[in-house]
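Residue-level listing of the chains:
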Amino acid sequence: MPTSISQTLPPTEPAVSKQPGLPSHGPEDTALLRLLDDTFESWGVAAGARAMTMPPLLPATDLARLDYYENFPHQAVVATPLDLTGDEGLSFCDETGCFPCSNLQPASLGLPSASCYAVYLDLEGRTVADDTLVTVVSWCFRKEQQYEGLRRQLGFRMREIVALGSQEHAEEHLCSLSERITSFAEALDLPLRKEAATDPFFDKGGSKAVLQRLIPVKHEFLFEDLAIASVNTHRNFFGDRCSISRPAGGPVFTSCVAFGLERWLSALSRRHGSREAAADAVVRARSAL
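Residues numbered from 1 in each chain as written. Predicted model: local features only at pLDDT ≥ 70, side-chain atom pairs only at ≥ 80, totals over all residues. Heavy atoms only, no water.

## Focus on the overall build of the protein chain
Convention followed: Numbering of helices and strands starts at the N terminus; helices are DSSP runs of H or I of at least 4 residues and strands are runs of E of at least 2. Two residues qualify as a contact provided that any one of their heavy atoms is within 4.5 Å of a heavy atom in the partner residue. Residue burial considers only the protein chains on display, and all accessible areas are found by Shrake-Rupley using a 1.4 Å probe.
Scanning the protein chain for helices and strands turns up 10 helices and 12 strands. In the protein chain, the proportion of contacts linking residues at least 24 apart, taken out of those at least 6 apart, comes to 73%. Split by element, the accessible area of the protein chain, about 14700 Å² in all, is 53% carbon and sulfur.

This is how it looks when you write it as structure tokens:
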């Protein structure tokens, strides 16, 4: 009988490293990631969300208008073409594994750290219904001080369910999905704790940050020390910045629920001991909800 991939390559995670370290996913990991994403997407679709596909690269000028580089200076990643036509030609440095700045053209494209930015930019200048929902999954990118297996990666996938419209709609979206996450985690026998977190959309030293400390606008669901999901309200920040309006006038309120897919894979595998057992738990939990 042929030896399977799972028998020859046990599902262990790479050690902590300062290098990006993009681990590959075998058949079991891939199937579990798809199962998780399908589960989270189905929650949005069942509530009336439109499933959309967004570009992974966004104009840096657009992200700057959303205060992205002020709020994420420690995580920001950009993309730029190479210029290898000069007299020096190819100047790849074997010692560092990097191209020197002289080979790089100006960076005009940003790699966002969350999927929802593309949704707001896509709806810029439009009027949307008071009960709008959109769900997307995108590759996201974060520069970390260190990288650790599936827990912290340079590139990872994030499923988001985004609400736009009235304030009541945005708030109810977070309440209903928070309950769904809690019920799902209980069915998975996955102990999570919900904690208030600093909302990166607001200046940490400004008046909005003071309000955020009084009324938290971001909560994370943590397994051990790892945040695997979050619920975020942005009030009318993106509606105002992107000129997304309600039918009755004025900017929309927005909120989003985010799931880090690789982080869920890591948490479930740690909890249940194997990818196969984790997948079985997800199937049972879906049936129980």
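Once you've had a look at it, read on.
## Points about the environment of Phe 221
Within the fold, Phe 221 resides in strand 10 (residues 218–223). Considering only alpha carbons, one finds Phe 221 and Lys 194, 27 residues apart in sequence, at a separation of 4.6 Å. Here Phe 221 is in contact with Ser 178, Ile 181, Thr 182, Leu 192, Arg 193, Lys 194, Leu 226, Ala 227, Ile 228, Ala 229 and Val 231, once residues within four sequence places are set aside.

## Looking at the packing of helix 2 (residues 27–46) against helix 6 (residues 167–187)
To keep it simple, the criterion reads: Helix axes use the C-alpha atoms of the stretch in contact, all axes being lines fitted to C-alpha atoms, and the angles between their N-to-C directions lie in the range 0 to 180 degrees. By definition, any crossing whose near helix is turned counterclockwise from its far helix by less than a right angle is left-handed, and any crossing with a clockwise turn is right-handed.
The N-to-C vectors of helix 2 and helix 6 enclose an angle of 145°; their axes lie 12 Å apart at closest approach. In the crossing of helix 2 with helix 6, the sense of the turn from one axis to the other is right-handed. Of the residues in helix 6, those touching helix 2 at Thr 39, Phe 40 and Trp 43 are Leu 177, Arg 180, Ile 181 and Phe 184.

## Structural notes on the environment of Phe 72
Using the following cut-off: Burial classes: relative accessible area under 20% of the type maximum marks a residue as buried, over 50% as exposed, and values in between as partly exposed (1.4 Å probe, protein chains only).
With respect to the helices, strands and loops of the structure, Phe 72 is situated in the loop between helix 4 (68–71) and strand 4 (77–79). On the basis of relative accessibility, which here comes to 8%, the residue Phe 72 falls in the buried class. For the pair Phe 72 and Pro 112, spaced 40 residues apart in sequence, the C-alpha to C-alpha distance is 9.6 Å.

## Overview of the pairing of strand 8 (residues 155–165)
Short version of the rule: Each pair of strands is called paired provided DSSP finds at least two bridges between the two strands.
Within strand 8, 10 of the 11 residues are buried, which leaves it mostly tucked inside the rest of the structure. Note: strand 6 (residues 131–141) against strand 8, 11 bridges, orientation antiparallel. Its bridge partner being in strand 8, Val 136 is matched across the sheet by Glu 160. One ladder, built from 8 bridges, connects strand 8 with strand 12 (residues 253–260); its direction is antiparallel. Residue pairing across strands places Gly 165 opposite Phe 253, the latter belonging to strand 12.

## Digging into helix 2
Put simply, the rule reads: Each residue after the first adds 1.5 Å to the expected span of a helix.
Over its 20 residues, helix 2 runs 28 Å from end to end, which matches the ideal 28 Å to within 8%, given 1.5 Å per residue. All of the buried residues along helix 2 are Asp 29, Leu 32, Leu 33, Leu 35, Leu 36, Asp 37, Thr 39, Phe 40, Trp 43 and Gly 44. At the C-terminal side of helix 2, Gly 48 shows a positive phi close to 105°.

## Looking at the side chain of Ser 113
The residue Ser 113 is located in the loop between strand 5 (109–111) and helix 5 (116–122) in this model. With residues near it in sequence (within four places) discarded, Ser 113 still touches Tyr 68, Phe 72, Gln 75, Cys 140, Phe 141, Arg 142, Phe 156 and Met 158.

## What about the pattern of salt bridges?
The line we're drawing: Salt bridge, as used here: a side-chain nitrogen of Lys or Arg that lies within 4 Å of a carboxyl oxygen of Asp or Glu.
Inspection of every chain in the model, using the stated rule, returns 12 salt bridges. Salt-bridge contacts for Arg 159 lead to Asp 37; the nearest nitrogen and oxygen are separated by 2.7 Å. Of this pair, Arg 159 sits in strand 8 while Asp 37 is found in helix 2, placing the two residues 122 residues apart along the sequence. Across the pair, Asp 37 and Arg 159 agree in class, each one buried. Here Arg 159 makes a salt bridge to Glu 41, at a shortest N to O gap of 3.8 Å. Remark: Glu 41 occurs in helix 2 and Arg 159 occurs in strand 8; sequence separation between them is 118 residues. Take Arg 159: its relative accessible area is 3%, and that puts it in the buried class. Where salt bridges share partners, they join Asp 37, Glu 41 and Arg 159 into one cluster.

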